[in-house]
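Breakdown of the fold
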Amino acid sequence: MPNAPVIGTTRPAEVVARENGLTIGNARKLFATPEGGVVKALDGVSLQIRDGEFFVMLGPSGCGKTTLLRAIAGLEVLDSGEIYLGRDRIDSLPAYARPVNTVFQSYALFPHLTVAQNIAFGLQMERLPKPEIAARVEEMMALVRLDGLGGRLPSQLSGGQQQRVALARALAKRPRVLLLDEPLAALDLKLRRGMQDELRRLQRTTGVTFVFVTHDQEEALSLGDRIAVFSNGVPVQVGTAEEIYEQPVNRFVADFIGESNFLAAEINDDGDFRVADGPWRELSEPVLPAMDGTVTLAVRPERLVVDGTAPELVRGALAEVVYMGTDLRIRVSLADGTSLAIRVSPPFEQLHLTPGAEVVVGAEPSHLHPLAGER
Amino acid sequence: MSEPNRGRTPGRLPWFASLPALVIGALFTIGPLAVIVAFSFMTRPAQGGGVVYQFTTDAYRTSLFTKSFNGDLVFNSAYLEVFWRSVVQATISTAICFVLAFPLALWIATRTPRVQNLLVLAVTIPFWTNLLVRTYAWMLVLAKDGVINQASRALGLGEHELLYTDLASQLGLIYTFLPFMVLPLYSSLSGFDFRLAEAGYDLGAHKFTVLRRIILPMARPGIISGSLLVFMPALGSYVQPVLLGGGKVLLIGNLIASQFGDSRNWPFGAALSVIILALLGLCLLGVGLWARRTGTKVSLSL
């Protein structure tokens, strides 16, 4: 029950997280580049990850998400900042003493040990009695559906199976938090879909907090109870998949998650706006325009219509129509030279879209998101 | 169907192109060995060196038995002891070389690629100079008036007998064969994925445990090939025991040398060489069988 509040409490989730979850406070980390420069991998990150949630850290490469994951694991030392697990401060503990475990991008399975020995390794480090280790290894192999493969070496397994061993090895330690560093990046698309379902299932059955790093926005949306979108060493937005997709806080998030059109809109003294030479319309939410009286509106391609079912936004010339099977992707050129990407859902047989024709692009007010602090 | 054009693969030379290589191999590696094996089964001339072309196994019997006054063969352990001393000295050399080389190889393997190349080059610097010259340098260092004794005197610690001792001989062996241990260890460690060490820490292993349970097992091919590359030449070493050890202790190397020199017993010298060869062959066979059973890859290379 990852998203549900802790039973018997009505306190805000943030307070519960501070007592039970993983709290990161103002984490900073600088790296020296080979060219002699300095990169701010973590530029004051503060996050609260709730107990038992599937938390995804999403961002382009070099945004700091992996550095943060490694700092939680203890494989990277923060320049400053704090990491708490519940009420215990863990950022000063060595990696081997932290109740968190990692599934590495490269799997990092020990090639000289069998599957069962790999899974048992972490338990042997805890000096558990042998029968208990054997039982836990069996249990883990069943959990990740690797029964009967305990005697194999990692080199005798497929990529997907190696992935399962890495998961079993980390979960065998019964960590409070499982850290996953782009674990599906090396798998092909079909396997990746399967493993996504598998990961969700594992997270639900074990109840362990998963912190999952990825640069794949589709993966993030489908997996995460909550998602933190990272850019330049800070999480720019934290929220559910729906919040992040429907209400991106800035142009970066709107652009990185899914596809977005960015329209420069003019604002008049009444607070109305218009795009290019379109009609004046009312804004759904008040917005502070930039110095030159314009504002940037973000709108998803599937929220724009060309069949007149939504109020007119702007007119343009149909530049391109691409048939994608599940939808049509069309491109409309506006008078000012910008072009709009629009996705039309079926049925589109009656639309008679011919390139060069004038089309009326419409959109519901609630689907036009003014972006803060931008024009 | 046309006749397959056998032996004419495009881009490949015909078999006789390898003739020069075969001739060189036969002449310079198999040839001398064949001569040694042949000599070991021949008769010692009544006077002087050389051999008489007459088959006998006397030379081999000499290694374990000696003729008593009445002509009976009596067991004689003198040469076995020589073997034993040589094996002990070679084993000590191998063990100490490993202890010294492992941290060095690990350190080199964890540098940046550029620095690694420079350091590997530095390890091979001794190969640029003749072994005898380097051994004489050690004699100068260890001598009565050598650097060490001068320093020791200056510090008021007195003079020490260093040159012409077992210790000097052992030191010389370790010095000579250290690179042969460092290089294979380095090559197996440089391929080590240090993310595996991180995985070890992550799973709760301390540094020493990671070294013992993850790094050492994966460096095993390097450890074996380094150990063989040190042990085998150290077993039959000649220069160090004679020049640094003063030849006071009889080892296989100088025992063999003396058979071809002062003792003028060529067949016995040849037989001793063949025995070492056979022992090392057995050693390699054992390692090979073990490697096949455990699936470890072992290659005898630097």
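Summary of the structure given here.

About the thresholds
- Residues numbered from 1 in each chain as written.
- Chains lettered and ligands numbered in written order.
- Predicted model: local features only at pLDDT ≥ 70, side-chain atom pairs only at ≥ 80, totals over all residues.
- Contact = placed C-beta atoms within 7 Å.
- Helix = DSSP H or I, 4+ residues; strand = E, 2+ residues; numbered from the N terminus.
- Nonpolar A, V, L, I, M, F, W, Y, C, P; charged D, E, K, R; others polar.
- Axes fitted to C-alpha atoms, helices over the stretch in contact; angles between N-to-C directions.
- Parallel < 35°, antiparallel > 145°, perpendicular 65-115°, else oblique.
- Left-handed = near helix turned anticlockwise from the far one by under 90°.
- Buried ≥ 20, exposed ≤ 12 C-beta atoms within 10 Å, placed from the backbone.
- Pairing = 2+ DSSP bridges.

1. Quick look at the interface of chain B and chain A
Interface size is commonly expressed as the accessible area that is lost once the parts come together. Across the boundary between the two partners, chain B contributes 14 residues, which contact 17 residues of chain A. At the level of secondary structure, the elements contributing two or more residues to the side of chain B that touches chain A comprise helix H8 (195–202) and helix H9 (207–218) of chain B. Ranked by residue count, the leading element in the side of chain B that touches chain A is H8(B), at six residues. Of the residues assigned to the side of chain B that touches chain A, the class counts are eight nonpolar, three polar and three charged.

2. Digging into the packing of helix H3 (residues 115–125) of chain A against helix H5 (residues 159–171) of chain A
Residue and element names in this part refer to chain A. Contact pair H3 / H5: the axes reach a minimum separation of 7 Å and the direction vectors enclose 30°. As the angle between them shows, H3 and H5 are arranged roughly parallel. H3 and H5 meet at a crossing whose hand is right-handed. For the pair H3 and H5, the contacting residues are Val115, Asn118, Ile119, Phe121 and Gly122 in the first and Val165, Ala168 and Arg169 in the second. For the contact of H3 with H5, the class distribution of residues is five nonpolar, two polar and one charged.

3. Overview of the pairing of strand S11 (residues 261–267) of chain A
For a regular strand, side chains alternate in direction, first toward one face of the sheet and then toward the other. Residue and element names in this part refer to chain A. The alternating pattern of S11 places Asn261, Leu263, Ala265 and Ile267 on a buried face and Phe262, Ala264 and Glu266 on a face that is not buried. Relative to strand S14 (residues 294–299), S11 is paired through six bridges, and the arrangement is antiparallel. Within S14, the position partnered with Asn261 by the bridge is Val299. Two successive antiparallel strands, S11 and strand S12 (residues 272–275), enclose a turn made up of four residues, where Gly271 displays a positive phi of approximately 90°.

4. Here's the deal with the sheet that holds strand S6 (residues 100–103) of chain A
Residue and element names in this part refer to chain A. Pairing is mixed in the open sheet, where six strands are placed in the order S6-S7-S8-S3-S9-S10. Lying at the two open borders of the sheet, with one neighbouring strand each, are S6 and strand S10 (234–239). Taking each pair of neighbouring strands and ignoring which way they run, the sheet shows an average axis angle of 20°. Across five bridges, the pairing between strand S3 (residues 54–58) and strand S8 (residues 209–214) is parallel. Paired with Val56 across the two strands is Phe212, which belongs to S8.

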